[in-house]
Amino acid sequence: MLGLFGTLDMGARSLGVQQEEMSVAGQNLANVSNTAYAEEQLDISESAPVETMAGGEGGGVQVNSISSSRDPLLDIQIQAEGSASASLTAQQSSLQNAEAYLDEQISASSSSTAPDSANGLASNLSNLFGAFQALPNDPSSSSLRGNAVTYAQQVAQQFNQVSSQLSTVQGNLNTSIKNDVASSNQDLSDIATLNVQIAAAQNSGGGAAQLVDQREQILENLSGYANISTTAQSNGTVDVSIGGVTMVSGGAVADTLQAVDPGNGNVQVREANGGQAVTLTGGSIEGELTARDGALADLQNGLNTLASSLITSVNGIYSKGYDEYGNTGQNLFTGSSASDIGVNTNVVKDPKQFQAAGAAGDSGDSSVALALGDLGSQNVPGLNGQTFSGYYANTVSNLGYSIATVNEKLDNSQTVTQMLTNERASTSGVSVDTEMTNLIQYQKAYEASAELISTLNQMLQTAVQMKSS
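Overview of the structure. (Residues numbered from 1 in each chain as written. Predicted model: local features only at pLDDT ≥ 70, side-chain atom pairs only at ≥ 80, totals over all residues. Heavy atoms only, no water.)

### Points about the overall build of the protein
Scanning the protein from N- to C-terminus turns up 11 helices and 12 strands. Whereas a compact globule of 469 residues would reach a radius of gyration of roughly 23 Å, the protein reaches 38 Å, over 25% beyond that. Oriented by its inertia axes, the alpha-carbon framework of the protein measures out at about 145 × 45 × 35 Å. Counting only residues that meet the buried cut, the protein has 43% of its 469 residues in that class. Counting contacts in the protein only where the partners sit at least 6 residues apart, residues at least 24 apart contribute 67% of the total. A total of about 21,900 Å² of accessible surface is found on the protein, and carbon and sulfur atoms cover 48% of it. Mean positive and mean negative side-chain charge positions of the protein (14 and 45 charges, respectively) differ by 6 Å. (Helix = DSSP H or I, 4+ residues; strand = E, 2+ residues; numbered from the N terminus. Rg over C-alpha atoms; globule rule 2.2 N^0.38 Å. Buried < 20%, exposed > 50% of the residue type's maximum accessible area, 1.4 Å probe, protein only. Contact = heavy atoms within 4.5 Å. Areas by Shrake-Rupley, 256 points an atom, 1.4 Å probe, with all protein chains shown as cover. Lys, Arg positive; Asp, Glu negative; His and termini not counted. Charge placed at Lys NZ, Arg CZ, Asp CG, Glu CD.)

Put into structure tokens, the structure is as follows:
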């Protein structure tokens, strides 16, 4: 049998266990607002029994380990949805910046509806062709010629400005890709380090709940940069892959990401060891690449095509005209794309050099001006048979459609993420009510164990006194 001293030792262990229970409850309450924290529990069991003539006699309680109520499946689902949301958020931010630079009221539902803004390119194009159409009313008017030149400058400046701003957005995306790649590699290194610590803790028989929480937080952060897949190992470590490439194996970083400029200024993401492209299907890096090489590239190409067609079409008519001095053969627009389109400096300095007449010395001839005015309503072969305004409306509408699609997908993804987060909170999150109830239970058990020890102490004193007498 245990005897007085054995029972005293059992009471002392009970006190220790209740203290540890209260400590774990305090840890849970301290992390009640920590979304990456999983509720911890003290795993206890009955101590080994003492064999007696009557059979095994209970030896009290003992602590085995501290475990957490983490659900690995939910963690993986949250990581996957986090990758999707991060990709869509990156796309949304970039596309909305482009929309702001266009300064147009964009419709995503109809490509036939012209963008509507007093400061946008659509309005400037309309003003330009309107100025061309006004010239035949008074071909010799310096004021009307001056208006045509002014609106031509405004169109060119708007093209230049939007092109420059879109290039800035694309440049910022390249910088963001490089930064996100560097952050991803740091996360990979941190995960490998935690794997080593977790394996060591488990091998020594200790608990690693807090280390697992830290690793899960980093894994979710990494999933915000790139789509990841994880494989749990029996020693507590997790292997991490990105796009099918193993990046972390146990406690070692097997590979990393690298941002490489292939020579065109647009960085690409590859794996460092073999230099092969990494297949990304989620995360901010994929979102930045998708926005840069997708909708933004299409918008920039569309503007370049529009500017090039405008330059070619207008100059093709204008160069055959004559100015008030009888000169001919000059172009109205210079350059070849949205980035470098400009207006001939000679006509900017002297609007009388605007070649509006169809014949030399005939100031009343406005055939070239009429042809320039009609150009605004004609279908242009280089623009897929659309008018200038129609092609621009379609180009801008495509951007609007991309933004609307991303917004809808992001709303859905955020809803799913919130649902998964709430589910994890209900299964592994900290409940204040539960912990407060547990604390009362642990307190009463502690008091009962203390009372047991006090009673045993009195019994020992009695026994000693009996022996002394």
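### Notes on the packing of helix H2 (residues 72-102) against helix H10 (residues 388-428)
Two elements in contact, H2 and H10, have axes whose closest approach is 8 Å; the angle formed by their N-to-C orientations is 150°. Compared by their axis directions, H2 and H10 come out roughly antiparallel. Between H2 and H10 lies a crossing of left-handed hand. When its residues are assigned to classes, the contact of H2 with H10 shows 15 nonpolar, 13 polar and 6 charged. (Axes fitted to C-alpha atoms, helices over the stretch in contact; angles between N-to-C directions. Parallel < 35°, antiparallel > 145°, perpendicular 65-115°, else oblique. Left-handed = near helix turned anticlockwise from the far one by under 90°. Nonpolar A, V, L, I, M, F, W, Y, C, P; charged D, E, K, R; others polar.)

### As for the sheet that holds strand S8 (residues 252-253)
Strand order in the open sheet made by the 4 strands is S5-S6-S7-S8, with antiparallel pairing throughout. Two strands close off the open sheet at either side, each with one partner strand: strand S5 (228-232) and S8. In terms of strand pairing, strand S6 (residues 238-242) meets strand S7 (residues 245-249) through 3 bridges, oriented antiparallel. Across the sheet, Ile-242 pairs through a bridge with Val-245, a residue of S7. This element, helix H4 (residues 142-203), spans S6, S7 and S8 of the sheet and lies at about 45° to S7. (Pairing = 2+ DSSP bridges.)

### Remarks on the pattern of salt bridges
On inspection of all chains with the given rule, the structure shows 5 salt bridges. Between Arg-424 and Glu-216 there is a salt bridge, and its shortest N-O distance comes to 3.9 Å. Taken as a pair, Arg-424 in helix H10 and Glu-216 in helix H5 (residues 209-223) lie far apart in primary sequence, 208 residues in all. Here Glu-220 makes a salt bridge to Arg-424, at a shortest N to O gap of 2.6 Å. In this pair, Glu-220 sits in helix H5 while Arg-424 sits in helix H10, placing the two residues 204 residues apart along the sequence. Through salt bridges that share partners, Asp-75, Glu-216, Glu-220 and Arg-424 make up one connected network. (Salt bridge = Lys/Arg side-chain N within 4 Å of Asp/Glu carboxyl O.)

### Digging into the packing of helix H3 (residues 121-134) against H4
Axis separation between H3 and H4 bottoms out at 9 Å; the angle between their running directions is 160°. Put simply, H3 runs roughly antiparallel to H4. Both H3 and H4 take part in a crossing whose hand is left-handed. Contact residues: Leu-121, Asn-124, Leu-125, Asn-127, Leu-128, Ala-131, Phe-132 and Ala-134 in H3; Leu-144, Asn-147, Ala-148, Tyr-151, Ala-152, Gln-154, Val-155, Gln-158 and Phe-159 in H4.

### So, the packing of aromatic side chains
Counting across every chain of the model gives 4 aromatic pairs. Between Phe-129 and Phe-388, the ring centres sit 5.5 Å apart and the planes meet at 25°, which makes this aromatic pair stacked. One end of the pair, Phe-129, is in helix H3; the other, Phe-388, is in helix H10, and 259 residues separate them in sequence. Taken together, a centroid distance of 5.1 Å and an interplanar angle of 70° make the contact between Tyr-318 and Phe-354 edge-to-face. One end of the pair, Tyr-318, is in helix H7 (residues 295-318); the other, Phe-354, is in the loop between helix H8 (345-349) and helix H9 (367-375), and 36 residues separate them in sequence. Side by side, Tyr-318 and Phe-354 carry an identical accessibility label, which is buried. Put simply, the rings of Phe-129, Phe-132, Tyr-318, Phe-354 and Phe-388 pair up and form one aromatic cluster. (Phe/Tyr/Trp six-rings, centres within 6.5 Å; stacked < 30°, edge-to-face > 60°.)

### So, the environment of Asp-298
With respect to the helices and strands, the residue Asp-298 is situated in helix H7. For Asp-298, a relative accessible area of 52% gives the class exposed. Between the alpha carbons of Asp-298 and Thr-395 there is a distance of 8.1 Å; along the sequence they are 97 residues apart.

### Some thoughts on helix H11 (residues 432-468)
Taking 1.5 Å per residue as the helical rise, H11 with its 37 residues ought to reach 54 Å, and the 53 Å between its terminal C-alpha atoms agrees with that figure. Along H11, the residues classified as buried are Glu-435, Asn-438, Tyr-442, Ser-449, Leu-456 and Leu-460. (Expected span 1.5 Å × (residues − 1).)

### Topic: the nonpolar core
Counting 55 residues, the largest nonpolar core has Phe-159, Leu-303, Leu-306, Leu-310, Leu-332, Phe-333 and Phe-354 as the members making the most contacts within it. Elements supplying a minimum of two residues to this core: H2, H3, H4, H7, H9 and H10. Contact partners of Leu-332, with chain neighbours within four places excluded, come to Phe-132, Ala-152, Val-314, Asn-315, Tyr-318, Gly-342, Val-343, Asn-344, Val-347 and Phe-354. Of all hydrophobic cores here, the second largest spans 30 residues; its members include Val-181, Ala-201, Val-212 and Leu-289. (Core = buried A, V, L, I, M, F, W, Y, C linked by side-chain atoms within 4.5 Å.)

### Structural notes on the side chain of Asn-185
Along the chain, the position of Asn-185 falls in helix H4. Residues within four places of Asn-185 in sequence aside, it is in contact with Thr-256 and Leu-257.

### Some words on the pairing of S7
Hairpin connection of S6 to S7: 2 residues between the antiparallel strands, including Gly-243 at a positive phi of 60°. Here S7 pairs with S8 via 2 bridges, running antiparallel. Following the sheet pairing, Ser-249 is matched in S8 by Ala-252. Hairpin geometry of S7 and S8 is characterised by an intervening segment of 2 residues between the two adjacent antiparallel strands and by a positive phi of about 65° at Gly-250.

### With respect to a nonpolar patch on the surface
Residues Val-32, Val-432 and Met-436 make up a contiguous nonpolar surface patch of roughly 230 Å² in combined accessible area. Structurally, the position occupied by Val-32 is in the loop between helix H1 (3-30) and strand S1 (40-46). (Patch = residues over 30% accessible without salt bridge, like charges linked within 9 Å, V, L, I, M, F, W, Y side chains within 5 Å.)

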